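Understanding the architecture of this molecule
One letter stands for each residue in the lines below.
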Amino acid sequence: MIKSFEFYFDFASPCTFISHTEIRRIKNKNLIKINYMPILLDGLLNSTEIKANFDIPIKGKYMVKDCKLLTKK
């Protein structure tokens, strides 16, 4: 029996690419099916009146730094 899970992603999110590369590795190793679920994260955040990390200067700065560190690994 093949296990499956839903992967909600936003094409504009830098974390999507980083997450997807790791998820593909796990998928291939464990025979897991991925159900891709595209979302518009900005629209979701706006509808709940939550600010995106890039809209908060200190969080945006560290998010960029974290993404660079993760991609080097």
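Residues numbered from 1 in each chain as written. Predicted model: local features only at pLDDT ≥ 70, side-chain atom pairs only at ≥ 80, totals over all residues. Heavy atoms only, no water.

1. Here's the deal with the packing of helix H1 (residues 14-30) against helix H3 (residues 57-72)
- Axis separation between H1 and H3 bottoms out at 10 Å; the angle between their running directions is 25 degrees. Our classification of the angle between H1 and H3 gives roughly parallel. Handedness of the H1/H3 crossing: left-handed. On H3, the residues that touch Pro 14, Cys 15 and Ile 18 of H1 are Met 63, Cys 67, Leu 70 and Thr 71. (Axes fitted to C-alpha atoms, helices over the stretch in contact; angles between N-to-C directions. Helix = DSSP H or I, 4+ residues; strand = E, 2+ residues; numbered from the N terminus. Parallel < 35°, antiparallel > 145°, perpendicular 65-115°, else oblique. Left-handed = near helix turned anticlockwise from the far one by under 90°. Contact = heavy atoms within 4.5 Å.)

2. Structural notes on the pattern of salt bridges
- Enumeration according to the criterion identifies one salt bridge in this entry.
- The shortest N-O distance in the salt bridge between Arg 25 and Glu 22 comes to 2.4 Å. Taken as a pair, Arg 25 and Glu 22 lie in helix H1 at a separation of three residues, close to a single helical turn.
- For Arg 25, a relative accessible area of 45% puts it in the partly exposed group. (Salt bridge = Lys/Arg side-chain N within 4 Å of Asp/Glu carboxyl O. Buried < 20%, exposed > 50% of the residue type's maximum accessible area, 1.4 Å probe, protein only.)

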